2 protein chains.
Amino acid sequence: MKQEHQTRLHSLRALMQSNGCEALMIFSPANLRYLAAYSGEAACALITQDQLHLITDYRFITQAEEECAGWHCYCRDREAETLGQVVQKLLLQSGVRQAAFEAAEVSVQNWAQIAQDSAGIQWTPAPLWTEQLRRRKDASELALIQRCAAIADQALAETLPLLCPGISEAEFALELDFRMRRLGAEALSFETITGFGERSALPHSIPSERRLREGDLIVLDFGASVGGYRSDMTRTYIAGEPDARQQAMYNAVTQAQQAALAVIRDGISAREADLTARAVLAEHGFAQQAGSSLGHGVGLCLHEQPIMTPKCEEILRSGYVVTIEPGVYIPGFGGVRLEDDVLITEHGYQLLTHSPQPFRLT
Amino acid sequence: MKQEHQTRLHSLRALMQSNGCEALMIFSPANLRYLAAYSGEAACALITQDQLHLITDYRFITQAEEECAGWHCYCRDREAETLGQVVQKLLLQSGVRQAAFEAAEVSVQNWAQIAQDSAGIQWTPAPLWTEQLRRRKDASELALIQRCAAIADQALAETLPLLCPGISEAEFALELDFRMRRLGAEALSFETITGFGERSALPHSIPSERRLREGDLIVLDFGASVGGYRSDMTRTYIAGEPDARQQAMYNAVTQAQQAALAVIRDGISAREADLTARAVLAEHGFAQQAGSSLGHGVGLCLHEQPIMTPKCEEILRSGYVVTIEPGVYIPGFGGVRLEDDVLITEHGYQLLTHSPQPFRLT
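Rules used in this analysis
- Residues numbered from 1 in each chain as written.
- Chains lettered and ligands numbered in written order.
- Predicted model: local features only at pLDDT ≥ 70, side-chain atom pairs only at ≥ 80, totals over all residues.
- Heavy atoms only, no water.
- Helix = DSSP H or I, 4+ residues; strand = E, 2+ residues; numbered from the N terminus.
- Rg over C-alpha atoms; globule rule 2.2 N^0.38 Å.
- Buried < 20%, exposed > 50% of the residue type's maximum accessible area, 1.4 Å probe, protein only.
- Contact = heavy atoms within 4.5 Å.
- Areas by Shrake-Rupley, 256 points an atom, 1.4 Å probe, with all protein chains shown as cover.
- Lys, Arg positive; Asp, Glu negative; His and termini not counted.
- Charge placed at Lys NZ, Arg CZ, Asp CG, Glu CD.
- Salt bridge = Lys/Arg side-chain N within 4 Å of Asp/Glu carboxyl O.
- Polar contact = N/O pair within 3.5 Å; in protein donor to acceptor, adjacent residues only side chain to side chain.
- Nonpolar A, V, L, I, M, F, W, Y, C, P; charged D, E, K, R; others polar.
- Pairing = 2+ DSSP bridges.
- Axes fitted to C-alpha atoms, helices over the stretch in contact; angles between N-to-C directions.
- UniProt positions renumbered as here; feature names shortened; annotations may be inferred.
- Least-squares fit on C-alpha atoms with pLDDT ≥ 70 in both.
- Domains from an automatic or database assignment.
- Buried area = accessible area lost by both parts, 1.4 Å probe.
- Arc of directions from axis to C-beta.
- Parallel < 35°, antiparallel > 145°, perpendicular 65-115°, else oblique.
- Left-handed = near helix turned anticlockwise from the far one by under 90°.
- Disulfide = S-S within 2.5 Å.

1. What about the overall build of chain A?
Then, in step 1: The number of helices and strands found in chain A is 10 helices and 19 strands.
Then, in step 2: In terms of C-alpha radius of gyration, chain A reaches 23 Å, essentially the compact-globule figure of 21 Å for 362 residues.
Then, in step 3: Principal-axis analysis of the C-alpha atoms gives chain A an extent of 70 × 40 × 35 Å.
Then, in step 4: Split into buried and exposed, the 362 residues of chain A put 54% on the buried side.
Then, in step 5: The contacts of chain A with a sequence gap of at least 6 include a subset with a gap of at least 24, amounting to 65%.
Then, in step 6: A total of about 14900 Å² of accessible surface is found on chain A, and carbon and sulfur atoms cover 51% of it.
Then, in step 7: Separation between the mean location of the 31 positive side-chain charges and that of the 45 negative ones in chain A comes to 1 Å.

Here is the structure:
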């Protein structure tokens with residue numbers, strides 16, 4: 001087992017012990033990857049103080065045995081035994097009678113069957129211990145996120161010359177996605193957003209046949225995925241010359257992002273960071289057009305805690321990787337968003353995404 | 001509302017009524033698309049005999065109102081009211097006190113909150129009524145699956161000249177994926193499988209840096225997605241000349257697929273179709289190396305019911321779209337799989353995937 005997985009399991013077991021939890025059942029694919037290095041599907045894990053069980057079936061058992069060093073990989077015969085029966089057997093063998101499970105990660109139907117077939121085990125929903133540990137990225141995680149970010153930076157640089165009037169949102173997205181994959185992205189971090197003109201104001205637009213015209217705002221929001229980790233970056237450009245309103249939006253968002261970056265460091269609350277950027281947008285007259293949050297954690301999932309809203313009291317800590325992405329959105333007119341991924345450090349931050357931020361395309 | 005959605009809702013309401021179900025809560029994204037034409041996220045639906053509610057929040061309300069003609073779209077303020085409170089309000093307004101919900105599509109945690117906040121409603125898990133309706137594809141669904149299949153056929157024809165010794169699995173997958181997207185696929189149906197040599201025996205391999213060599217078996221399994229629907233096709237080739245064992249595998253699988261196609265029609269059981277193909281593989285000496293099922297339904301989900309195993313007693317009906325994909329897998333040596341999508345008809349089937357099936361690359 002790699003050192004980082006030993007460390008993660010040690011921390012998780014300490015949380016379990018201090019909370020009186022004898023065993024934890026994991027369903028979340030991201031948590032299985034974080035704790036067991038498992039990247040397949042159709043699996044769950046049982047963790048006690050002295051045992052590590054990864055339960056899957058014939059389709060994924062070879063992959064599990066290759067990936068999950070130090071784990072006991074159980075190949076369940078789905079015709080012969082239910083998951084609940086396997087879980088009951090493994091827990092009772094360990095003398096465990098009380099266990100916690102990830103209630104946000106299993107369906108009502110599946111859980112009803114597991115609980116019914118594991119009679120003798122007293123189950124309780126588990127706190128988000130693994131998600132708590134995942135906030136702080138270790139060196140191996142940081143290296144993967146940096147690789148994702150570097151791929152996205154390079155792909156954008158290679159694709160940007162195609163961003164000329166006449167190209168459609170879907171065409172540009174395809175070119176950008178192709179380059180990310182060719183540069184080593186195992187997958188896209190999420191479905192690329194390429195919003196032109198009035199469509200740049202949509203927070204979740206699907207690339208369309210809309211073609212780029214002079215005077216359009218252009219919002220590109222995209223990322224690469226490597227080893228299960230993700231990057232997430234947004235750039236906004238103007239096709240041709242901006243009008244006064246577009247320029248004002250861009251100036252406000254640039255200054256809001258810089259203001260947030262100037263205050264973030266270990267110890268600041270998410271709320272304080274958000275309000276710092278939000279105040280700049282308000283000074284520029286965009287209080288009502290600002291987005292709902294400054295940013296979010298990013299790692300094995302695209303959107304991780306903390307979600308940095310004005311109400312989020314959580315303290316940012318060294319080692320967290322978060323997006324800083326203030327935005328201004330005017331329905332029917334357009335939007336401006338600038339987003340970078342940063343590592344929080346003791347006295348500030350380290351920038352992980354490095355694409356330049358010109359407004360005008362050259 | 002389009003005619004097909006009216007028909008689907010009429011059928012669903014008839015099932016609800018005959019089962020004494022006053023209201024049904026839908027969480028499945030595929031079912032929301034099937035019933036309400038909704039393609040966004042973060043939504044659920046409430047269906048009664050005279051009301052249709054689509055519940056989402058500010059991020060997706062515009063999309064819901066554009067897509068869900070005939071539905072009442074409710075924009076929930078997530079700061080002010082829980083989903084359970086909204087559901088309770090809407091159901092009590094309709095005089096409903098008993099309702100069913102999709103227990104396989106909501107997490108234990110989310111459901112606990114909904115059930116707690118909708119006091120006064122008596123909930124029961126719903127049967128898979130919508131999934132039952134989705135087995136039989138209507139004309140609009142069939143047209144979309146045909147378009148997906150045609151994109152995959154064309155992309156393969158364009159990419160096949162690149163399948164020469166020296167190209168890696170990942171490189172070929174990228175070229176194939178790029179062409180599917182360029183030809184109009186909104187997304188991939190699933191992550192493309194390109195297994196070379198011994199890796200062709202893996203049922204779920206991720207494209208690797210493994211390079212094609214003379215004598216390798218090559219399994220390509222891929223599909224396109226349009227409008228939420230999917231295609232799913234596998235072809236197997238040999239790089240250069242096959243040895244006797246490779247040729248025997250290919251002959252067995254070809255004949256098994258033809259045997260299954262010769263018997264499928266409205267009225268045959270999934271089991272009978274599977275056993276027909278399985279018997280051919282056994283005659284060729286591959287009884288122990290055959291895959292676990294002949295195929296599966298395909299539509300809004302990649303894997304839909306019926307899953308055509310030797311134990312599946314379900315009767316295939318006209319209008320079902322299923323894959324026919326016998327395979328032989330020899331760990332450490334290689335695999336052969338041939339997969340086509342077919343529409344079941346009264347007297348046989350209609351082929352939806354049309355790529356030729358040569359064994360040798362020319």
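Now, onward.
2. Here's the deal with the environment of L281(A)
Then, in step 1: Assignment of secondary structure puts L281(A) in helix α10 (residues 270-283).
Then, in step 2: Along the primary structure L281(A) and D232(A) are separated by 49 residues, whereas in three dimensions their C-alpha atoms are 22 Å apart.

3. Side note on the interface of chain A and chain B
Then, in step 1: The interface is formed by 26 residues belonging to chain A together with 25 residues belonging to chain B.
Then, in step 2: For the interface between chain A and chain B, the tally reads 4 salt bridges.
Then, in step 3: If you look at where chain A meets chain B, you find 12 residue pairs in polar contact (both at pLDDT 80 or more).
Then, in step 4: Of all the secondary-structure elements, those providing two or more residues to the side of chain A that touches chain B are α5 (108-117) and α8 (169-182) of chain A.
Then, in step 5: It is α8(A) that contributes the most residues to the side of chain A that touches chain B, 7 residues altogether.
Then, in step 6: Split by residue class, the side of chain A that touches chain B holds 13 nonpolar, 4 polar and 9 charged.

4. Describing the environment of G184(A)
Residues and elements named next belong to chain A.
Then, in step 1: By the secondary structure assignment, G184 is in the loop between α8 and β7 (187-188).
Then, in step 2: When the C-alpha atoms of G184 and I151 are compared, they prove to be 7.1 Å apart, with 33 residues separating the residues in sequence.
Then, in step 3: Those residues in contact with G184 that sit more than four places away from it in its chain are R147, I151 and V226.

5. Some thoughts on the sheet that holds strand β5 (residues 98-101) of chain A
Residues and elements named next belong to chain A.
Then, in step 1: In space, the 6 strands of this open sheet follow the order β4-β3-β2-β1-β5-β6, with mixed pairing throughout. The outermost strands of the open sheet, each flanked by one partner alone, are β4 (72-75) and β6 (122-125). Put simply, the sheet's adjacent strands are angled 25° from each other on average, direction ignored.
Then, in step 2: When strand β2 (residues 44-48) meets strand β3 (residues 52-56), the two strands line up antiparallel, connected through 4 bridges. Among the inter-strand pairings, C44 is bridged to a residue of β3, identified as I55.

6. Here we look at the UniProt feature "domain: Peptidase M24" (unreviewed entry) in chain A
Then, in step 1: If you check UniProt for "domain: Peptidase M24" (unreviewed entry), the listed places come out as residues 144-346 of chain A in our numbering.
Then, in step 2: Helix makes up 32% of residues 144-346 of chain A and strand 23%. Its end C-alpha atoms lie 21 Å apart.

7. Describing the relation of the copies chain A and chain B
Then, in step 1: For the match of chain A to chain B, the screw axis carries a shift of 0.0 Å, the RMSD comes to 0.0 Å, and the turn is 180°. This pairing of chains is accounted for by a two-fold axis. The position closest to the rotation axis in chain A is occupied by the C-alpha of S107(A), lying 2.1 Å away.
Then, in step 2: Looking at chain A, 96% of its interface residues are interface residues in chain B too, so the copies touch through the same face.

8. Details of the UniProt feature "domain: Creatinase N-terminal" (unreviewed entry) in chain A
Then, in step 1: Here, the residues flagged by UniProt with the feature "domain: Creatinase N-terminal" (unreviewed entry) are residues 8-134 of chain A.
Then, in step 2: In residues 8-134 of chain A, the share of helix is 42% and the share of strand is 20%. The end C-alpha atoms are 9 Å apart.

9. As for the domain arrangement of chain A
All names here are of chain A.
Then, in step 1: Along its sequence, chain A is carved into domain 1 (3-134) and domain 2 (136-351).
Then, in step 2: Using C-alpha coordinates to define each centre, domain 1 is positioned 35 Å away from domain 2.
Then, in step 3: Buried surface at the junction of domain 1 and domain 2, summed over both partners, amounts to about 770 Å²; 39% is from carbon and sulfur atoms.
Then, in step 4: For the domain 1 face of the interface with domain 2, the top three residues by lost area are R8, R33 and R134, together amounting to 58%.
Then, in step 5: Taken together, the connections running from domain 1 to domain 2 amount to 2 salt bridges.
Then, in step 6: With a shortest N-O distance of 2.8 Å, D138 and R8 are connected by a salt bridge.

10. Remarks on the environment of L275(A)
All names here are of chain A.
Then, in step 1: Secondary-structure assignment places L275 in helix α10.
Then, in step 2: According to the relative accessible area criterion, L275 is partly exposed, its value standing at 34%.
Then, in step 3: Sequence separation between L275 and E346 is 71 residues; the distance between their C-alpha atoms is 21 Å.

11. What about helix α4 (residues 83-93) of chain A?
Residues and elements named next belong to chain A.
Then, in step 1: Listed in full, the buried residues belonging to α4 are L83, G84, V86, V87, L90 and L91. Projected down its long axis, α4 shows its buried positions confined to an angular sector of 160°, all on one face.
Then, in step 2: Note on α4: the residue one or two positions beyond its end, G95, has a positive phi of about 75°.

12. So, the pattern of salt bridges
Residues and elements named next belong to chain A.
Then, in step 1: Across all of its chains, the model carries 44 salt bridges over all chains by this definition.
Then, in step 2: Across the pair R179 and E175 runs a salt bridge whose closest N-O atoms are separated by 2.8 Å. Here the residue R179 and the residue E175 both occupy positions in helix α8, the gap between them amounting to 4 residues, near one helical turn.
Then, in step 3: Take R179: its relative accessible area is 14%, and that puts it in the buried class.

13. Here's the deal with the packing of helix α9 (residues 244-263) of chain A against α10(A)
Residue and element names in this part refer to chain A.
Then, in step 1: Where α9 contacts α10, the axes come no closer than 8 Å and their chain directions differ by 150°. Between α9 and α10, the interaxial angle falls into the category roughly antiparallel. As for the relative orientation of α9 and α10, their crossing is right-handed in sense. Contacts between α9 and α10 pair A252, V253, Q255, A256, A259, A260 and V263 from the former with A273, T276, A277, V280 and L281 from the latter.
Then, in step 2: Looking at the contact of α9 with α10 residue by residue, the class counts come to 10 nonpolar, 2 polar and no charged.

14. Description of the sheet that holds strand β3 (residues 52-56) of chain B
All names here are of chain B.
Then, in step 1: The strand order across the open sheet formed by 6 strands is β4-β3-β2-β1-β5-β6, and the pairing between neighbours is mixed. With one partner strand each, in any of the chains shown, β4 (72-75) and β6 (122-125) form the two edges of the open sheet. Ignoring strand direction, the axes of neighbouring strands in this sheet form an average angle of 25°.
Then, in step 2: The sheet contact formed by strand β1 (residues 23-26) and strand β5 (residues 98-101) spans 2 bridges and is parallel. Looking at the pairing, M25 lines up with F101 of β5.

15. Section: the state of the cysteines
Residues and elements named next belong to chain B.
Then, in step 1: Within the structure shown, the criterion is met by 0 disulfides over all chains.
Then, in step 2: Summary of cysteine pairing: C312 is not part of a disulfide, and the nearest cysteine sulfur, belonging to C301, is at 17 Å.
Then, in step 3: Judged by relative accessible area, C312 falls into the buried class, the value being 12%.

16. Regarding the pairing of strand β8 (residues 193-196) of chain B
All names here are of chain B.
Then, in step 1: Along β8, one buried face is formed by I193 and G195 and the opposite face, lined by T194 and F196, is buried too.
Then, in step 2: As paired strands, β8 and strand β9 (residues 217-222) are joined by 4 bridges and run antiparallel to one another. The partner of I193 across the bridge, within β9, is D221.

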